[in-house]
Amino acid sequence: MLTKTIDPTLASRADSVEMVYTDGKFSHLEYGFTEQRQPASYTPPSTVHRIAAPSLVTFGPCDRHRQTLKRTTAHSCGFIIDIASGKNLINLLPFDTLVINGSSKGKWTVALADDYLSVMEENYPIGEINEKGKISFSLDQAATHLDLKRTKYVAFILESSSGDLNVDSLDFFRTPSPPPSHVNPAMWVWDNRPAKTDASSMVSNLKALRVRRIYLQISDELEPLVPFIRESKAAGIEVFALDGSPSYLDHPEPLLRRIQLVKEFNSKYPGTPFAGFQIDIEPHLNKDFRIRLDTYGSLYIELLDRIRRITKEDLPLSTVIPFWYDSLLINDRSLAWHLFRQSDEVVIMSYRTDVAEIEAIARDELLYGERLSKKVLLGVETGRIPDEVHITFKKCLDDTPTAVEAGKAFWCRSSDYTVPGSRISFNGKEDAFKKQLTHSLPYKSFSGWVIHSYETAPR
């Protein structure tokens, strides 16, 4: 089967392939690429992280005597502290405050650099110190300018002609916050025909499901939805317009036109406006996504820039992403970070049935939401998901006894594993599903659950 289904172009770049079977039948191949696997950043294990007696490394043309620097030119100089402690990068998303303990003379600017800025030999200033023994800085202000998940160093830039700096420790804190109050769930609706032809019945169903918002797939014909939006609004249900396709990255005009149509609709019907617009692009569905990651990622970011120029402040923008976009890098920053910055809210496809696992896989997205002051909603699946059997092959030498030739390369079977559908979907588990919707996660950004979908949710 591998020889019949493998794509030679993708195989030439891949170092592994997985054959995926559902319901006992071959479904598709998944390709793995070494060059897309980036070293993970170190995440401190608690809500307080101390770097004691850090080493100060000089940068720039300053004369140094112990902890004293003297400027010799107009060029920038100062000290750098590698806060990754010898590891590649450190994840500061769990923290909202940096406290510097020590003493100083002269005027210093404190700055942070992520992986991208460090490569560019740049940094982002977060404040100043001026002869104070202890001072704190908010990390949230830096979150829109650098990817805190991939932080490299803290810099102390000398602004005066000379200065002394002694740093006893750097402390990173997370401010405790009460868990968000319970909110009713939102829901995806893919088939808009009932909304057009039987608005009252559909609104009645949504009320029975205790839904507070829906994301409704739209077409170019919006006027037939006026009665439905009116009844939904009367029932306390928000209606977001929804559209998306991987094809929109290469051909965005239909999507941009629909967003403009929604804005015009809202102006024409101010009493029954759409509450926002949600995009669900999912470029990872393209089989060459991993090979063209830089291209697809750049196109995605550019598309959101164009969308924001249309929506402006008038139409809230919601973006749907899978939980693992924080592991994909575009310009040394996670794709999730880029998309969070440009959205008003982000919905995570966190399809699992165990609340602890959901929190684990969506934690960094919830933290991006905290640092960037963006709402985060988590998706739960209710449709039938079959078990998936994965058979993994890795590239090997042609003289390996178990080698199989496919796509102008040789592959050796390395492992098999199964992903149970029951781990992904609440299908057939109505009581567990209802209990799931009562959970609240301890993050300021958590804004509730999104049910996938109206067509499959238990009534």
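Look up a bit, the structure's there.
Residues numbered from 1 in each chain as written. Predicted model: local features only at pLDDT ≥ 70, side-chain atom pairs only at ≥ 80, totals over all residues. Heavy atoms only, no water.

Here we come to the environment of Ala275. The residue Ala275 is located in the loop between helix 7 (253-268) and strand 17 (276-279) in this model. Ala275 gets classed as partly exposed once you look at its relative accessible area, which sits at 26%. Leave out the neighbours within four places in its chain, and Ala275 touches Glu238, Val239, Phe240 and Pro316. (Helix = DSSP H or I, 4+ residues; strand = E, 2+ residues; numbered from the N terminus. Buried < 20%, exposed > 50% of the residue type's maximum accessible area, 1.4 Å probe, protein only. Contact = heavy atoms within 4.5 Å.)

Quick look at the nonpolar core now. Residues Phe156, Leu170, Ile214, Phe228, Phe274 and Leu378 are the most contacted members of the largest nonpolar core, which totals 116 residues. For this core, the leading source of residues is helix 8 (residues 293-311), giving eight residues. In contact with Leu170, other than residues within four places in its own chain, are His49, Arg50, Ile51, Ile81, Ile83, Leu98, Val99, Ile100, Val154 and Phe156. Counting 15 residues, the second-largest nonpolar core is a separate cluster that includes Ile6, Leu10, Tyr31 and Ile391. (Core = buried A, V, L, I, M, F, W, Y, C linked by side-chain atoms within 4.5 Å.)

Next up on the list: the pattern of salt bridges. Opposite charge on two side chains allows them to pair when their charged atoms are near. Per the counting criterion, the structure on display carries 25 salt bridges. One salt bridge in this structure joins Arg50 and Asp171, with 2.7 Å as the shortest N-O distance. Highlighted residues: Arg50 in strand 3 (residues 48-52) and Asp171 in strand 13 (residues 162-173), separated in sequence by 121 residues. Arg50 gets classed as exposed once you look at its relative accessible area, which sits at 53%. Taking relative accessible area as the criterion, Asp171 reaches 4% and is therefore assigned buried. Here Glu223 and Lys268 are joined by a salt bridge, their closest N and O atoms 3.8 Å apart. Of this pair, Glu223 sits in the loop between strand 15 (213-217) and helix 6 (226-234) while Lys268 sits in helix 7, placing them 45 residues apart in sequence. Accessibility expressed as a relative area gives 38% for Glu223, which makes it partly exposed. (Salt bridge = Lys/Arg side-chain N within 4 Å of Asp/Glu carboxyl O.)

Attention now moves to the sheet that holds strand 7 (residues 78-82). The strand order across the open sheet formed by five strands is 4-7-12-9-10, and the pairing between neighbours is antiparallel. Looking along the sheet, the strands with just one partner apiece sit at the ends: strand 4 (57-59) and strand 10 (124-129). Taken pair by pair, the neighbouring strands of this sheet meet at an average axis angle of 30°, ignoring direction. Bridging between strand 4 and strand 7 involves three bridges; their strand directions are antiparallel. Bridge assignment links Val57 to a residue of strand 7, and that residue is Ile80. (Pairing = 2+ DSSP bridges. Axes fitted to C-alpha atoms, helices over the stretch in contact; angles between N-to-C directions.)

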